[in-house]
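Residue-level listing of the chains:
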Amino acid sequence: MATGIQISNLIVLKMNAKGKVADLVQQGLDQDASSVTELSGITHNDVAMHGLATTLLTVNTNYHRNPPTATKNAVTIAIGNLADAYNENAAEIQIIARKEAKSAGDVTVGIDIVEKANYRLKDVPGPIEIAFKVENDGQGAVKISTKSIGQGTIYIREFGKTTGLEVVPPLANRKELLVSGETEIRLEDLERFTMYAFREASIVPISRKADSATKLTETEKKATPSAITRAHRRIYSANVETNYEYSPWFWLMVQ
């Protein structure tokens, strides 16, 4: 399966200063930015972050002594100092992770940076399942492989040059649709070292039998729904940009 790249959904979570002190301390102590080369320049390195976390732990422990040797206000200040530093790092790490992911053309590169530093992601973007795969297949050529939906299915591929990851090709750049019944095709004569985006739709044959109430398989559900007349004619609309239900775009740098 191909993976839809959605770098903009890579969001690093900040520290919730209202959380339990023990959890905040652990978050600060967990930082391991020194293990990630790309994070060598963040504002608060591991020594600084661990120091703020240790200070909070000490102050909070002293506050709960009997009698207390620290004030509630001192705990509040220590929490604020740790949260401010952590959140500043989180914002910087997010920027760096997105930049590296975009440069590599792979969102997992950004995810790895965040996770290796022991920061947390909001809804870690898992792969978006796309029922086709695009890969380089020689100079200026790609191979598009599709998971078969069923006998008689027609596959419609659309592609076009674009300026970078997550940039949808403008209509002027989109080429003639590639329509065939084969699950694997080769596309040649592309510009080398150029970013292209691809997407795919499919349509299944119209059944000549009465509706048997048979449930569609998960694969068949991905095909464009068929609107038909009683005479089994497929219906299209002239007032829409496309009559097909396309997959998300997939980006590839053609070699």
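Enquirer: So, the overall build of the protein: which residues are in play, and what are the values?
Expert: Counting its secondary structure elements, the protein contains four helices and nine strands. Going from N to C terminus, the protein has its helices and strands arranged as β-α-α-α-α-β-β-β-β-β-β-β-β. When the 255 residues of the protein are sorted by exposure, 38% land in the buried category. Within the protein, contacts between residues separated by at least 24 positions form 72% of all contacts whose residues are at least 6 apart in sequence. Carbon and sulfur atoms form 51% of the exposed surface of the protein, whose accessible area is close to 14,900 Å².

Enquirer: Give me the nonpolar core: which residues, what numbers.
Expert: A general feature of soluble globular proteins is that nonpolar side chains tend to end up buried together. With 39 residues, the main nonpolar core has L39, L56, V114 and Y119 as its most contacted residues. For this core, the elements supplying multiple residues, two or more each, are α1 (21–30), α2 (46–63), α3 (72–104), α4 (107–116) and β8 (194–203). Per-element tally for this core: the top contributor is α3, with 11 residues. Apart from residues lying up to four places away in sequence, V114 is in contact with L10, V12, I93, A97, Y119, R120 and L121.

Enquirer: Could you give an account of the environment of R199, naming the residues involved and the relevant values?
Expert: Here R199 shows up in strand β8. Sequence separation between R199 and V134 is 65 residues; the distance between their C-alpha atoms is 9.6 Å. When near neighbours in sequence (up to four residues on either side) are disregarded, R199 contacts F132, I156, R157, E158, R174, Y246, S247, P248 and W249. Looking at R199, its side chain comes within polar contact range of the side chain of E158, at 2.8 Å.

Enquirer: Give a detailed account of the sheet that holds strand β7 (residues 184–187), specifying residues and quantitative values.
Expert: Sheet strands pair via backbone hydrogen bonds, and the direction of the pair is either parallel or antiparallel. An order of β3-β4-β7 is seen for the three strands of this open sheet, with the pairing classed as antiparallel. For this open sheet the edge positions go to β3 (132–136) and β7, each flanked by a neighbour on one side alone. Geometrically, the sheet is characterised by an average inter-axis angle of 20° between neighbouring strands, direction not taken into account. The sheet contact formed by β3 and strand β4 (residues 142–146) spans five bridges and is antiparallel. Across the sheet, residue N136 finds its bridge partner in β4, namely V142.

Enquirer: Describe the confidence of the model for the protein, naming the residues involved and giving the relevant values.
Expert: Here the protein averages 86 in pLDDT, and 85% of its residues register 70 or above. A low-confidence stretch, residues 1–5 stays under pLDDT 50, and its non-local contacts, those more than four residues away or across chains, total 22 contacts. Note on residues 210–214: pLDDT under 50 across the span, and zero contacts to partners over four residues away in sequence or across chains.

Enquirer: Account for the packing of α3 against α4, naming residues and giving values.
Expert: Running from N to C, α3 and α4 cross one another at 150°; their axes reach a closest spacing of 7 Å. Between α3 and α4, the angle falls in the class roughly antiparallel. Here α3 and α4 pass one another in a crossing that is right-handed. Judged by residue contacts, I93, A97, E100, A101 and A104 of α3 engage V107, V109, G110, I113 and V114 from α4. Counted by class, the contact of α3 with α4 contains eight nonpolar, one polar and one charged residues.

Enquirer: Account for the pattern of salt bridges, naming residues and giving values.
Expert: Under the criterion given, the structure shown has nine salt bridges. Notably, a salt bridge pairs R186 with E188, separated by 2.3 Å at the nearest N-O pair. Its relative accessible area of 43% is what places R186 among the partly exposed residues. The exposure class assigned to E188 is partly exposed, which follows from its relative accessible area of 45%. Within the structure, one salt-bridge network assembled from shared partners comprises E158, R174, R199 and E241.

Enquirer: Provide a residue-level description of the side chain of N89, including the pertinent values.
Expert: You can see N89 is positioned in helix α3. The class for N89 is buried, based on a relative accessible area of 0%. Contact partners of N89, with chain neighbours within four places excluded, come to Q31, I42, T43, H44, M49 and Y119.

Enquirer: An account of the packing of aromatic side chains is requested, with residue identities and associated values reported.
Expert: For any pair of aromatic rings, the description consists of the separation of the ring centres together with the inter-plane angle of the planes. Overall, the coordinates contain five aromatic pairs when judged by the stated rule. Ring geometry for F159 and F198: centres 6.2 Å apart, planes at 20°, overall stacked. Of the two residues, F159 sits in strand β5 (residues 154–161) while F198 sits in strand β8, which places them 39 residues apart along the sequence. Of the residues examined, F159 reaches a relative accessible area of 7% and is grouped as buried. Residues Y244 and Y246 carry aromatic rings whose centres are separated by 6.3 Å and whose planes lie at 85° to one another, so their mutual orientation is edge-to-face. Three or more aromatic residues joined by ring pairs form one cluster here, namely F159, Y196 and F198. Seen from the ring of Y246, R199 lies directly overhead, with NZ or CZ sitting 4.0 Å from the centre.

Conventions adopted
- Counting restarts for each chain, with residues numbered from 1 along the sequence as it is written.
- Two thresholds apply to this predicted model, a pLDDT of at least 70 for residue-level local features and 80 or more for giving and counting side-chain atom pairs, whereas whole-chain, interface and lining totals are computed over all residues.
- Hydrogens are left out, water is left out, and the side-chain values use all remaining heavy atoms of the structure.
- The way it works is that DSSP assigns letters per residue, a run of H or I at least four long becomes a helix, a run of E at least two long becomes a strand, and they are numbered from the N terminus.
- Only protein chains enter the accessibility calculation, which uses a 1.4 Å probe; a residue whose area is less than 20% of its type maximum is buried, one above 50% is exposed, and one in between is partly exposed.
- Only heavy atoms enter the contact rule, under which two residues are in contact if any of them lie within 4.5 Å.
- Per-residue accessibility takes into account occlusion by the displayed protein chains alone, with areas from the Shrake-Rupley method and a 1.4 Å probe.
- By nonpolar core we mean a set of buried residues, namely Ala, Val, Leu, Ile, Met, Phe, Trp, Tyr and Cys, connected to one another through side-chain atoms within 4.5 Å.
- In protein, a polar contact means a hydrogen-donor-capable atom and an acceptor-capable atom, both N or O and within 3.5 Å, with residues adjacent in sequence counting only if both atoms are side-chain atoms; elsewhere, any N or O pair within 3.5 Å suffices.
- For two strands to count as paired, DSSP must find a minimum of two bridges between them.
- All axes here are fitted lines through C-alpha atoms, helices being fitted over the stretch that makes contact, and every angle between N-to-C directions spans 0 to 180 degrees.
- Scored between 0 and 100, pLDDT is the confidence that the predictor attaches to each residue.
- If an angle is under 35 degrees, it is roughly parallel; if it is over 145, roughly antiparallel; if it lies from 65 to 115, roughly perpendicular; otherwise it is oblique.
- When the near helix sits turned anticlockwise from the far one by under a right angle, the crossing is termed left-handed; a clockwise turn instead gives a right-handed crossing.
- Gly counts as polar in this scheme, as do all residues outside two lists: the nonpolar Ala, Val, Leu, Ile, Met, Phe, Trp, Tyr, Cys and Pro, and the charged Asp, Glu, Lys and Arg.
- In the sections that follow, a salt bridge refers to a side-chain nitrogen of Lys or Arg positioned within 4 Å of a carboxyl oxygen of Asp or Glu.
- Whether two aromatic rings pair depends on their centres lying within 6.5 Å, for rings of Phe, Tyr and Trp, where Trp uses its six-membered ring; planes under 30 degrees apart make the pair stacked, over 60 edge-to-face, and the rest tilted.
- Whether a charge lies above a ring is judged from NZ of Lys or CZ of Arg, which has to be within 6 Å of the ring centre and within 35 degrees of the ring normal.

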